[in-house]
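Architecture at a glance
For reference, the chains in residue letters:
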Amino acid sequence: MPTIKELTRTGDLFTSGHRACAGCGGTIILRLLMANAGKNTVVGAATGCMEVVSTIYPYTSWDVNFVHNAFENSAATVSGIETAYRALKKKGKIKKDIKFIAYGGDGGTFDIGLQSLSGAVERGHNMLYLCYNNGAYMNTGIQRSSATPFGAHTTTSPAGSKIKGKMQQRKDLTEIMIAHDMKYVAQATPHNWSDLSNKINKALALNGPAFINVLSPCPLGWGSDPAQSIQIAKLAVETLYWPVYEYENGKYKINIKPKKPKDIEEFLFVQNRFKHLKNEKELIDKIRKHLNEKWNELLNKEKCTN
Ligand SMILES: Cc1ncc(C[n+]2csc(CCOP(=O)(O)OP(=O)(O)O)c2C)c(N)n1
């Protein structure tokens, strides 16, 4: 895996000058993604913040071949390009080795693009799909998605006197991808660049589909301090809100195991999207219980597969 010095020397393939908010986790993730992927890469994006802020005509932040897609088909488009590449390579018309990446936000991945992602993975295309997961449809004004956590305020799950934010638990897409019998699936956050880089490199080295679900702090949608985005991503891991783990060739590995997990309130109350839960002991207990159950399940899976 490249060192941080080597990564800084790769040049920016996802360049500055884009229009993302201060403290946006998505742009940090994409910059690291491209530093690791290198120049011979084709990228396809579902519409969403990370497509909109980086490709406003006539400008672009992408110094590689980049394909804009509709909301639902980034995996399908990239799988088509990858197939054409394989055919041309077989005929000797392309000599280069090219990598293929599709990405989308959680709306474009967990919800509307899930069918195209599932299809591309089942067909076995040689591509990495990366989801920058900020937990809502942020680009269109913070609507709930199936990745929005329980209790979060969004414009379509507004917190008021009767309903306290989103009243359903988030979908566990990482496990859904694992159920596709993929060789490589991982969860990560941008607070640990070396873990995320390692995962990107493993995924891109694979001959087949890989999926990485990356938690992406969003100051606007989370109501958090832009200067604290990386710290909040770290807190997400330390409070068991976002386990950092990978599933490789049938084996689970939890990459970061907090020795003494912090209480979930430390993560919740640095964000305004949860501020209405301050005196809602029962709801906080429900969140805590759910996270503990999921964490124990994960520990068990690690134990059983190793
Ligand atoms: C079929 C379709 N429905 C709705 C839209 C409008 N739309 C564009 S981006 C977006 C939200 C994207 O959310 P997400 O994928 O979570 O990415 P984020 O904006 O949070 O980065 C929506 C609803 C669309 N472009 N196409």
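This section reports on the structure supplied with the text. For clarity, every value in this text was computed on a predicted model and none was experimentally measured.

1. With respect to the overall build of the chain
When you go through the chain residue by residue, the secondary structure sums to 12 helices and eight strands. Taking 2.2 N^0.38 as the reference for a compact globule, 306 residues should give roughly 19 Å; the C-alpha atoms of the chain span a radius of gyration of 19 Å, in line with that estimate. Viewed in the frame of its principal axes, the chain has a C-alpha envelope of about 65 × 50 × 40 Å. Taken across its 306 residues, the chain has 46% of its residues classed as buried. Look at the contacts in the chain between residues 6 or more apart in sequence, and 69% of them connect residues 24 or more apart.

2. Digging into the pairing of strand E4 (residues 128–133)
The buried count for E4 comes to six of six residues, which makes it a mostly enclosed element. Both faces of E4 are covered, namely the face carrying Leu128, Leu130 and Tyr132 and the face carrying Tyr129, Cys131 and Asn133. Here strand E3 (residues 99–105) runs beside E4; their pairing, made up of five bridges, is parallel. Its bridge partner lying in E4, alanine 102 is registered against tyrosine 129. By the bridge criterion, six bridges tie E4 to strand E6 (residues 210–215) in an arrangement that is parallel.

3. Section: the nonpolar core
Of all hydrophobic cores here, the largest spans 76 residues; its most connected members are Ile101, Tyr103, Leu128, Tyr129, Leu130, Ile212 and Val214. Take this core: its biggest share by element is eight residues, from helix H2 (residues 25–37).

4. A word on the site of the ligand
Inspection of the region around the ligand gives 18 residues, with Gly48, Cys49, Gly105, Gly107 and Asn139 positioned closest. Mapped by element, the contributors of at least two residues to the shell around the ligand are helix H3 (49–52), E3 and helix H5 (106–111). A per-element tally of the shell around the ligand places H5 first, with three residues.

5. Description of the sheet that holds E4
Strands sit in the order E2-E1-E3-E4-E6-E5-E7-E8 across an open sheet of eight strands; the sheet is mixed. Either end of the sheet is taken by a strand with one partner, and the two such strands are strand E2 (65–68) and strand E8 (251–254). The average angle at which neighbouring strand axes cross in this sheet is 15°, direction not considered. Where helix H4 (residues 74–90) meets the sheet, it contacts strand E1 (41–45), E2, E3 and E4, and its direction lies at approximately 175° from that of E3.

6. Let's talk about H2
The end-to-end C-alpha separation of H2 is 18 Å, in line with the 18 Å expected for 13 residues at 1.5 Å each. Within H2, 13 of the 13 residues are buried, leaving the element largely enclosed by the surrounding structure. Two residues or fewer after H2 comes glycine 38, characterised by a positive phi angle close to 85°.

7. Some points on the packing of H4 against helix H6 (residues 114–123)
Between two packed helices, the angle of one axis relative to the other and the distance separating the axes together describe the packing. With their axes 7 Å apart at the nearest point, H4 and H6 run at an angle of 30° to one another. As judged from the angle between their axes, H4 and H6 are roughly parallel. From H4, Ala75, Ala76 and Ser79 reach across to H6, where they touch Ser116, Leu117, Gly119, Ala120 and Arg123. Here the contact of H4 with H6 is built from residues that sort into four nonpolar, three polar and one charged.

Parameters and conventions
Residues numbered from 1 in each chain as written. Predicted model: local features only at pLDDT ≥ 70, side-chain atom pairs only at ≥ 80, totals over all residues. Helix = DSSP H or I, 4+ residues; strand = E, 2+ residues; numbered from the N terminus. Rg over C-alpha atoms; globule rule 2.2 N^0.38 Å. Buried ≥ 20, exposed ≤ 12 C-beta atoms within 10 Å, placed from the backbone. Contact = placed C-beta atoms within 7 Å. Pairing = 2+ DSSP bridges. Core = buried A, V, L, I, M, F, W, Y, C linked by C-beta atoms within 7 Å. Near = placed C-beta within 6 Å. Axes fitted to C-alpha atoms, helices over the stretch in contact; angles between N-to-C directions. Expected span 1.5 Å × (residues − 1). Parallel < 35°, antiparallel > 145°, perpendicular 65-115°, else oblique. Nonpolar A, V, L, I, M, F, W, Y, C, P; charged D, E, K, R; others polar.

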